[in-house]
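Chains, contacts and geometry: an overview
The lines below spell out each chain.
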Amino acid sequence: MTHSTDGTTIRDGRRASVAVLIPCYNEALTIGKVVDDFRRVLPDADIYVYDNNSSDATGSIAAEHGAIVRTERRQGKGNVVRQMMRDIDADYYLMVDGDDTYPAEAAPDLLAPLLADEADMCVGDRLSNGTYGEENDRAFHGFGNNLVRVLIKWIYGFKFSDVMTGYRAYNAVFAKTMPVLSPGFEIETELSIHAVDKRWRIAEVPIDYRDRPEGSESKLNTFSDGLKVLLMIMSLFKDYRPLALFSWVALLFCALGLLTGVPVIVEFAQTGFVPKLPSALLAVALVFVGIVAFASGLILDTVVKGYRKEYELQVMEAYERYGRHNRRP
């Protein structure tokens, strides 16, 4: 196994292919430079620009600079990424935004853990070196990123340095077995949680971040897209960890039932009567709901474990189809 000057791997005389994925919506101001930068840093890579219904000249400019341009009509970054993974076959994938906020020079560092078979997904971390805080002037973006990081750490037990980064690299097996469900900007959160839940190997590489150039506007709405991200976290919590979620629900309802029922029980012990019948019925109902919630969690947990077994078999099949070059000789 040898490494070429552009960071790719040559194995048995075959160069491992790299696909640079650039989802775009109205990035005419920056897309030309982004394509040129990645062609310079990764001269042997295929650069794909997926134009997501841009009203400017994003697609034509990207084509003029040598990118392979395709159109995705379903609006939303998640829809674009889903189609990219379906359409494009490569040994390694590098996904980056088309807004010129991520340095192409960091691409070899992001690919290196994959090429060395040390990771399945590599995340470009903007936060550890402080450049995101210095460059980003959009209110609440840093707070939102930190909130999502805390929730993922609390729910899934993995501490990401940067969850919302749009600069990532992953291998073919990860790409071809990743079920993209989110339609929009929740895609970064979904990728992160999927990698943690399915026990993929994750590496984080600190990168420099620069804010958008003057005249370029972010498509991310801090509050509406932030709410979608939080809903995505809770949805995946339900799908991936149902026993934990429903156990908390069960605990809540049982606690409410006890708070409601204890005074009734105390009064019955003292007088032998149950004068507050509605309170007694409410307490029984709350505890019953808690028991049902816990039972539902147990059932769904069994279903999820069955799905995990099926998924592992799918991953093994994907390794046979896509991943032979990723294995050490």
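Residues numbered from 1 in each chain as written. Predicted model: local features only at pLDDT ≥ 70, side-chain atom pairs only at ≥ 80, totals over all residues. Heavy atoms only, no water.

Topic: the nonpolar core
- The biggest cluster of nonpolar side chains holds 44 residues, and the ones touching the most others in it are Leu21, Ile88, Tyr93, Tyr156, Tyr170 and Trp200.
- A total of six residues in this core trace back to one element, the largest contributor, which is helix H9 (residues 222-240).
- Ignoring any residue separated from it by four or fewer positions in sequence, one finds tyrosine 156 in contact with Leu151, Ile193, Val196, Ile233, Leu236, Phe237, Tyr240 and Arg241.
- Within the second largest apolar cluster, 35 residues are counted, among which are Val20, Ala106, Tyr167 and Ala203. (Core = buried A, V, L, I, M, F, W, Y, C linked by side-chain atoms within 4.5 Å. Buried < 20%, exposed > 50% of the residue type's maximum accessible area, 1.4 Å probe, protein only. Helix = DSSP H or I, 4+ residues; strand = E, 2+ residues; numbered from the N terminus. Contact = heavy atoms within 4.5 Å.)

Describing the pattern of salt bridges
- Counting across every chain of the model gives 17 salt bridges.
- Taking the shortest distance from any N to any O, the salt bridge between aspartate 89 and lysine 176 comes out at 3.0 Å. Taken together, the residues aspartate 89 in the loop between helix H3 (77-87) and strand S7 (92-95) and lysine 176 in helix H7 (residues 172-176) connect sequence positions 87 residues apart.
- Owing to a relative accessible area of 58%, aspartate 89 belongs among the exposed residues under this scheme.
- A residue is classified by how much of its surface remains accessible, and lysine 176, at 22% relative accessible area, is partly exposed.
- Here the salt bridges share partners, and the residues they tie into one network are Lys33, Asp37, Arg40, Asp100, Glu105 and Arg210. (Salt bridge = Lys/Arg side-chain N within 4 Å of Asp/Glu carboxyl O.)

A word on the packing of helix H10 (residues 242-271) against helix H11 (residues 277-322)
- It is the contact of H10 with H11, at a shortest axis distance of 7 Å, that shows an interaxial angle of 165 degrees. Judged on the interaxial angle alone, H11 and H10 are roughly antiparallel. For the crossing formed where H10 meets H11, the hand is left-handed.
- For the contact of H10 with H11, the residue count by class is 21 nonpolar, eight polar and one charged. (Axes fitted to C-alpha atoms, helices over the stretch in contact; angles between N-to-C directions. Parallel < 35°, antiparallel > 145°, perpendicular 65-115°, else oblique. Left-handed = near helix turned anticlockwise from the far one by under 90°. Nonpolar A, V, L, I, M, F, W, Y, C, P; charged D, E, K, R; others polar.)

Comments concerning the pairing of strand S9 (residues 168-171)
- Neither face of S9 is exposed, since Arg168 and Tyr170 on one face and Ala169 and Asn171 on the opposite face are all buried.
- Pairing of S7 with S9, which is carried by four bridges, proceeds in the antiparallel orientation. Each bridged residue has a counterpart across the sheet, and for tyrosine 92 the counterpart in S9 is asparagine 171.
- Of the pairings in the sheet, the one linking strand S8 (residues 121-125) to S9 comprises three bridges and is antiparallel in character. Residue pairing across strands places valine 123 opposite arginine 168, the latter belonging to S9. (Pairing = 2+ DSSP bridges.)

Focus on the sheet that holds strand S10 (residues 202-206)
- As summarised here, the arrangement of the seven strands in space is S6-S5-S4-S7-S9-S8-S10, forming an open sheet in which the pairing is mixed. Looking at strand neighbours, the two that pair on one side only are strand S6 (68-71) and S10, the edges of this open sheet. Strand after strand, the sheet turns through a mean of 20 degrees between neighbouring axes, direction not considered.
- Here helix H4 (residues 107-115) sits on the sheet in contact with strand S4 (18-24), S7, S8, S9 and S10, set at roughly 155 degrees to S8.

Some remarks on a nonpolar patch on the surface
- On the surface, a cluster of nonpolar side chains totalling about 370 Å² of accessible area is made up of Phe268, Val274, Leu277 and Leu281.
- Assignment of secondary structure puts phenylalanine 268 in helix H10.
- You can call phenylalanine 268 partly exposed: its relative accessible area is 43%. (Patch = residues over 30% accessible without salt bridge, like charges linked within 9 Å, V, L, I, M, F, W, Y side chains within 5 Å. Areas by Shrake-Rupley, 256 points an atom, 1.4 Å probe, with all protein chains shown as cover.)

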